[in-house]
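# Observations on the model geometry
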Amino acid sequence: MHFLNRSIEDHGYSNRYHCQRFPFVGAAASVTPTLLSGAETLIHLFRATIDGISCKRKEASAEFWAARDHSLIFLDNVLNICTLGGLNSILLNAGLLKPGQRNENGREQRPQGGFPNQPPLGNGPPGQPQNGMSPPPPLPSVPPPPLPSVPPPPLPSVPPPPPPSVPPPPLPSVPPPPLPSVPPPPPPSSPPPQSIVWQDLDGNQVQGQLKLSPGKQQIQLQHDRYQGHAKGAIIEITTLGPIYSFSRARLGNMQTKGACLVMDARDFYAIQKTIHSGAFGGDYCQLPTGQMAVWKIPADLLYIANFEPDQVAVSVGEYQLFSDLDNFVDRSLNQFVRQSFPATKFRIDKKCGPHVIESVHYFHVQDQNGQNYYLPGISTGNFFQNFNDPTPEEWGKVQTMIETLKGFGIEGCLCNGAHHAVIFYTYLKNPSDSPILLHPRDVANLLQEDARIFQAIQNAANKDLTNWRAAFIETFNKRQ
């Protein structure tokens, strides 16, 4: 039922469900969403097939999940028609189906958690309440006492003076002095607070730290995406509001606590357009304050000169595990790759200069019994100039790296289509042993003990990975 509610809200079917609270009438109201959702299911399945043939794994996965959402809506409305509207009438009146409302812009407005006592991120228009608080009650309307009726005194009757017989001399024509050409100074603006305290969905007081003040920002592009600029170009953007970072909170539609950002909605769309369209994935939502909460924090933000990392693990999104290479064989007992388990990618960042970033990654996977596993990996941004369109030469170097590491006992999984990463999956020290899943700490040890492993990775890279090696060892092993 949770997935059906999410599908109804995400794809704009809420208004069509509000008419289904009554039997018979609801059956008639189900005809239109049945036709629409059925058509959308076929369209998304067709697109997923085309993207899969074109090796666009990430886009194919997104189209597949969209087809799944529409198919849930289709099946629900078909069953509602078959039961003459009784099915959805029961679910809606029982509160199991919860179609959202639409805001003034026509977009879905999902239920959000309350945010009492939250301070504003900027000055609102005059006369409007701030901090999400209600305006003060109006003062009682008491009419003023009437003034006493006193007639004005009569004006004295004085005849006007006779007009002069001789006209007065004209006044000299003196031009007015010119106004100064210096513009007036701008009105003083107070800087945003360094921290804010909100109440999250779990009722906990959470503190957000100022990450970026509004104003002009310089950002180094990491993709050949923005108005013809090449990767590495530095351009200037202007942010209109402050950006705050919460290290551990649950805001908006977040399912679990984690790191997240809160920013002005206009800045959200401007930054998304600047770096790349899928920068935030689907892990964001609009808050009741009108701001945007983001919990998929792309590394591209670190290339804003004044944006400093928190050096905590931030989620980069949850996608399925699968190999982009046909010759990969999953020999582990867990079979995470063969069964395409969902994995959440985490990133820990270290900034070595305004536009010099080193990031290390790991992946969290949970098996059927609820046991947690952590797999090490490295971003394919270290190997591909554009990981959405790698060249044959870049692809060949990564394949050579994986084959070389296999000779040292490390089985690597190229998962660029979903996670933009190479995952160091299993380790086999002796051919007679069974392969074991690698932990980030294991790879940190191997990088220190066997120089050939780092050299194999460096040979496939498009930059010097010495700082990456040091950051990986420092983060996961705490010894140099």
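Our subject in this report is the structure included herewith. (Residues numbered from 1 in each chain as written. Predicted model: local features only at pLDDT ≥ 70, side-chain atom pairs only at ≥ 80, totals over all residues. Heavy atoms only, no water.)

Before going further, it helps to examine the packing of aromatic side chains. A complete count under the given rule lists 14 aromatic pairs for this structure. Between F268 and Y269, the ring centres sit 5.0 Å apart and the planes meet at 85°, which makes this aromatic pair edge-to-face. With a relative accessible area of 36%, Y269 lands in the partly exposed category. Ring plane angle 10° and centroid distance 5.9 Å describe the contact between F384 and W395, whose orientation is recorded as stacked. Residue F384 is located in the loop between strand 14 (372–379) and helix 8 (392–407), and its partner W395 is located in helix 8; the two are separated by 11 residues in the primary sequence. In this structure F384 comes out as buried when scored by relative accessible area, which is 0%. You can call W395 partly exposed: its relative accessible area is 25%. Through a chain of ring-to-ring contacts, the aromatic side chains of F346, Y362, Y374, W468, F472 and F476 assemble into a single cluster. The ring of F307 has K211 lying over it, and the distance from NZ or CZ to the ring centre is 5.2 Å. Between R469 and the ring centre of F454, over which it is positioned, the NZ or CZ distance is 6.0 Å. (Phe/Tyr/Trp six-rings, centres within 6.5 Å; stacked < 30°, edge-to-face > 60°. Buried < 20%, exposed > 50% of the residue type's maximum accessible area, 1.4 Å probe, protein only. Helix = DSSP H or I, 4+ residues; strand = E, 2+ residues; numbered from the N terminus. Lys NZ or Arg CZ within 6 Å of the ring centre and 35° of its normal.)

The next subject is the pairing of strand 6 (residues 234–239). Every second residue of strand 6 is oriented toward a common face, the buried set being I235, I237 and T239 and the non-buried set I234, E236 and T238. Bridging between strand 5 (residues 215–220) and strand 6 involves six bridges; their strand directions are antiparallel. The residue of strand 6 that forms the bridge with K216 is T238. (Pairing = 2+ DSSP bridges.)

So, on to the side chain of H420. Mapped onto the elements of the fold, H420 is located in the loop between helix 9 (416–419) and strand 16 (421–427). For H420, the residues in contact, after removing those within four places along its chain, are K58, K345, I378, S379, T380, F387, N388 and C415. (Contact = heavy atoms within 4.5 Å.)

For the coordinates displayed, the defined rule picks out 10 salt bridges. Between E411 and R331 there is a salt bridge; the shortest N-O distance is 3.3 Å. Residue E411 is located in strand 15 (residues 410–415), and its partner R331 is located in the loop between strand 11 (314–320) and strand 12 (342–353); the two are separated by 80 residues in the primary sequence. Taking relative accessible area as the criterion, E411 reaches 11% and is therefore assigned buried. For R331, a relative accessible area of 45% corresponds to the partly exposed category. Where R452 meets D450, a salt bridge forms, and the shortest distance between an N and an O atom there is 2.9 Å. Note on D450: relative accessible area 16%, which makes it buried. Put simply, D200, D202, R250 and K257 are held in one network by salt bridges that share partners. (Salt bridge = Lys/Arg side-chain N within 4 Å of Asp/Glu carboxyl O.)

This part takes up the sheet that holds strand 4 (residues 205–212). Pairing within the open sheet is antiparallel, and its six strands lie in the order 3-4-7-8-10-9. Every other strand in the sheet has two partners, leaving strand 3 (195–199) and strand 9 (284–286) as the edge strands with one partner each. Taking the axes of each pair of neighbouring strands and ignoring which way they run, one obtains an average angle of 30° across the sheet. As judged from the three bridges shared by strand 8 (residues 258–263) and strand 10 (residues 292–294), these two strands associate in the antiparallel manner. Paired with V262 across the two strands is A293, which belongs to strand 10. (Axes fitted to C-alpha atoms, helices over the stretch in contact; angles between N-to-C directions.)

In this section: the state of the cysteines. Tallied over the entire structure, the rule returns zero disulfides. Free of any disulfide, C285 has its nearest cysteine sulfur in C260, 9.5 Å distant. Take C285: its relative accessible area is 6%, and that puts it in the buried class. (Disulfide = S-S within 2.5 Å.)

The next point concerns the packing of helix 1 (residues 2–10) against helix 5 (residues 57–82). Interhelical geometry of helix 1 versus helix 5 gives an angle of 105° and a closest axis separation of 9 Å. Put simply, helix 1 runs roughly perpendicular to helix 5. Contact with helix 1, carried on its side by F3, L4, S7 and I8, involves R68, D69, L72, I73 and D76 of helix 5 and no other residues of that element. (Parallel < 35°, antiparallel > 145°, perpendicular 65-115°, else oblique.)

This brings us to the packing of helix 11 (residues 451–460) against helix 12 (residues 466–476). Running from N to C, helix 11 and helix 12 point in directions that differ by 135°, and their axes come no closer than 11 Å. The pairing of helix 11 with helix 12 is recorded here as oblique in orientation. Between helix 11 and helix 12 lies a crossing of right-handed hand. Between helix 11 and helix 12, the contacting residues are F454, I457 and Q458 on the first element and T466, W468 and R469 on the second. (Left-handed = near helix turned anticlockwise from the far one by under 90°.)

Within the largest apolar cluster, 35 residues are counted, with the highest numbers of intra-cluster contacts made by F383, M401, F424, L447, I457 and W468. Elements represented by at least two residues in this core include exactly strand 12, strand 13 (356–366), helix 8, strand 15, strand 16, helix 10 (440–449), helix 11 and helix 12. Non-local contacts of F383, meaning those with residues more than four positions away in its chain, are made with I378, E394, V398, M401, V422, I457, A460, A461 and N462. (Core = buried A, V, L, I, M, F, W, Y, C linked by side-chain atoms within 4.5 Å.)

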